[in-house]
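# What the coordinates show
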Amino acid sequence: VVFGVFQANGKVYNAEIAHPDMRGSLGTIMSNMFALGSIYTYLTGYFVTSWRVVAWLQMLPACLLGISVLFIPDSPYWLVERGREEEARRSLSKLRGRSYDIEEEFLEIVNKKRAKEERGRSVSQTLFSRVSIVAFLRIGGLMMITQWTGINVISSYMVNIFMESGSSIHPEIAPILVFTIRQLLALASTGLLRVSQRRPLFLICATMIGCSMAGLGTYSYLTQGPIDSNTAPSFGWVPVFCVVSVNAFMSIGFMSIIQLLSAESFPTEIRSYASGLCGAFTAVNMFAATKLYPFFVESLGFYGTFWMYGGVMLLEVIYGALSIPENAGQSLVKTEEKMDRQEEKKVDSKIKV
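All residue numbers refer to positions counted from 1 along the written sequence of the respective chain. Only residues with pLDDT of at least 70 get local features here, since the model is predicted, and only at 80 or more are side-chain atom pairs given and counted; chain-wide, interface and lining totals rely on the full set of residues. Only hydrogens and water are set aside; all other atoms, that is, all heavy atoms of the structure, feed into the side-chain values.

## Looking at the overall build of the chain
Counting secondary structure elements, the chain contains 16 helices and zero strands. When a residue's accessible area, from a 1.4 Å probe over protein chains only, is under 20% of the maximum for its type it is buried; when over 50% it is exposed; and in between it is partly exposed. Across the 353 residues of the chain, 46% fall into the buried class. Any two residues whose heavy atoms approach within 4.5 Å are treated as being in contact. Sequence separation of at least 24 residues holds for 80% of the intrachain contacts in the chain that already meet a minimum separation of 6. Note on areas: Shrake-Rupley with a 1.4 Å probe; residue coverage comes only from the protein chains shown. As displayed, the chain has an accessible area near 18100 Å², and 67% of this comes from carbon and sulfur atoms. By definition, any uninterrupted DSSP run of H or I lasting at least four residues is a helix, any uninterrupted run of E lasting at least two residues is a strand, and each is numbered from the N terminus.

The following block contains the structure:
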């Protein structure tokens, strides 16, 4: 629960403080830190035998994060929403640097806030407005489908998966290798998201993740039953390659884009609430998908489970192609205005009909 609250606010904060040209790159920070934290966790688990010591060691990064939060400025969007415009100006100036002219960006945020006040819509009305509901169905639906594609199962049951798939690499060493590669690719994605369009990148990454899931299931299916001991080890790298591919494409663009979309697709005054709701529904689905993994393996078999995950990812590719907006290079105010214009066009077309 606490992690869900932290993650939702972290994504929103990243989106609100970032310059439009840098929002894609800054949006990869959470993926970078997740990969780095996973390496830290698996390394401590491998070298430290006491689970209690491992648990204490996991508190160190959390303590460092808690201390560092005391020194970061508040979001200018959040401050403007609460009528603290001078503080918002100082915060934006601190975030952009002394040499940057913040006036245009600052006035854009303030004018948008005043335009909303003139309309007289409350937070609850905005939360249940058509614009917000459509955004929730687009992005929240995408986030919930993601949990049933097996990506969190891969992380939670990685050691078991390597053992059950028949990998020839030691199951406790393989996760360290996987997340080291994921960390390197997460760093590469920081530059990639600055120049790439989001929808094509997301669809490519999702397709490759689906293929990797299906490949892992296919390897398990082909290697069940009696296996020639002379030839089996030569293909023991296949499960590792599939799992590395899943994590690689998650880092390159899949998870980063979902996190960006959840933070930038809602109106400013409800961004934290809506992102938190998306996170809550996502957490419920993640819990269910993770807890049901043993049931799926027992009912469908290991190969059937991962074929199912590949099929769900295919569904997500189709859903993403139809629902993901392209917001690269746009300020959050312009993104919000674009959603308002789209809604107005739909209303006008219905009136004409």
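## Regarding the nonpolar core
With 52 residues, the main nonpolar core has Ile154, Ile161, Phe202, Phe254, Tyr293 and Phe306 as its most contacted residues. Every element with two or more residues in this core is listed here: helix H9 (130–147), helix H10 (151–156), helix H11 (158–165), helix H12 (174–195), helix H13 (198–222), helix H14 (237–264) and helix H15 (271–323). For this core, the leading source of residues is H14, giving 14 residues. Beyond its immediate chain neighbours, meaning those up to four positions away, phenylalanine 202 contacts Leu142, Phe254, Ile257, Ile258, Glu316, Gly320 and Ile324. Among buried residues, the Ala, Val, Leu, Ile, Met, Phe, Trp, Tyr and Cys ones that are joined through side-chain atoms within 4.5 Å form a nonpolar core.

## Concerning the side chain of threonine 305
Within the secondary structure, threonine 305 sits in helix H15. Judged by its relative accessible area of 0%, threonine 305 is buried. We call two N or O atoms a polar contact when they sit within 3.5 Å, provided that within protein one can donate a hydrogen and the other can accept it, with sequence-adjacent residues counted only if both atoms are side-chain atoms. Engagement of the side chain of threonine 305 in a polar contact is seen with the backbone nitrogen of valine 297, the distance being 3.4 Å.

## Structural notes on the pattern of salt bridges
For side chains bearing opposite charge, pairing can occur when the charged atoms are close. A side-chain nitrogen of Lys or Arg and a carboxyl oxygen of Asp or Glu constitute a salt bridge if their distance falls within 4 Å. If you walk through the whole model with that rule in mind, you get five salt bridges. Between glutamate 87 and arginine 84 there is a salt bridge, and its shortest N-O distance comes to 2.9 Å. Residues joined in a network through salt bridges with shared partners are Glu86, Arg89 and Glu103.

## Here we look at a nonpolar patch on the surface
Patch definition: residues with relative accessible area over 30% and no salt bridge; like charges joined within 9 Å; nonpolar side chains (Val, Leu, Ile, Met, Phe, Trp, Tyr) joined within 5 Å. Together, Leu43, Tyr46, Phe47 and Ile173 make up an exposed nonpolar region whose accessible area comes to about 380 Å². When you line up the elements, phenylalanine 47 lands in helix H3 (residues 29–47). Residue classification places phenylalanine 47 among the exposed positions, given a relative accessible area of 62%.

## Some words on the packing of H3 against helix H4 (residues 51–69)
Angles shown run from 0 to 180 degrees and are taken between the N-to-C directions of axes, each axis being a line fitted to C-alpha atoms and, for helices, limited to the stretch in contact. Put simply, H3 and H4 touch, their axes get as near as 10 Å, and they point 155° apart. Accordingly, the angle class assigned to the pair H3 and H4 is roughly antiparallel. Between H3 and H4 lies a crossing of right-handed hand. Across from Tyr40, Thr41, Thr44 and Gly45 in H3, the residues of H4 making contact are Val54, Leu57, Gln58, Leu60 and Pro61. A per-class count over the contact of H3 with H4 returns five nonpolar, four polar and no charged. With respect to orientation, any angle under 35 degrees is reported as roughly parallel, any angle over 145 as roughly antiparallel, any angle of 65 to 115 as roughly perpendicular, and every other angle as oblique. Helix crossings fall into two classes, left-handed where the near helix is turned counterclockwise from the far one by less than a right angle and right-handed where it is turned clockwise. Ten residues, namely Ala, Val, Leu, Ile, Met, Phe, Trp, Tyr, Cys and Pro, are considered nonpolar, four, namely Asp, Glu, Lys and Arg, are considered charged, and the remaining ones, Gly among them, are considered polar.

## Brief notes about the packing of aromatic side chains
Between 30 and 60 degrees the pair is tilted, below 30 it is stacked and above 60 it is edge-to-face, where a pair is any two Phe, Tyr or Trp rings, Trp via its six-membered ring, whose centres lie within 6.5 Å. Under the definition given, this model contains 11 aromatic pairs. Seen from their ring centres, phenylalanine 302 and phenylalanine 306 are 4.7 Å apart, and the 40° between their planes marks the pair as tilted. One end of the pair is phenylalanine 302 and the other is phenylalanine 306, both in helix H15 and four residues apart, which spans about a single turn. Judged by relative accessible area, which is 8%, phenylalanine 302 ranks as buried. Taking relative accessible area as the criterion, phenylalanine 306 reaches 0% and is therefore assigned buried. Look at tyrosine 303 and tryptophan 307: their rings are 5.2 Å apart centre to centre, the planes differ by 65°, and that puts the pair in the edge-to-face class. With tyrosine 303 and tryptophan 307 both in helix H15 and four residues apart, the pair spans about one turn of that helix. The exposure class assigned to tryptophan 307 is partly exposed, which follows from its relative accessible area of 35%. An aromatic cluster of at least three residues, connected via ring pairs, comprises Tyr157, Tyr293, Phe302, Phe306 and Tyr309.

## Details of the confidence of the model for the chain
The score called pLDDT rates the predictor's confidence residue by residue, from a low of 0 to a high of 100. For the chain, mean pLDDT is 80; residues scoring 70 or higher make up 86% of the total. In the model of the chain, helix H16 (residues 332–352) stands out as the element of lowest mean pLDDT, 62, in contrast to H13, which has the highest, 90.

## Section: the side chain of serine 323
By the element assignment, serine 323 lies in helix H15. When neighbours within four sequence positions are excluded, serine 323 is seen to be in contact with Arg138 and Leu142.

## Topic: H15
Between the first and last residue of a helix there are one fewer steps than residues, each counted as 1.5 Å, and that sum is the expected span. In this model H15 runs just 19 Å from its N-terminal to its C-terminal C-alpha over 53 residues, more than 12% under the 78 Å that 1.5 Å per residue would give. Along its length, H15 reaches its greatest deviation from straightness, about 110°, at leucine 300. One axis fitted to the seven residues ending at a residue, another fitted to the seven starting there: the angle between these axes is the bend at that residue.

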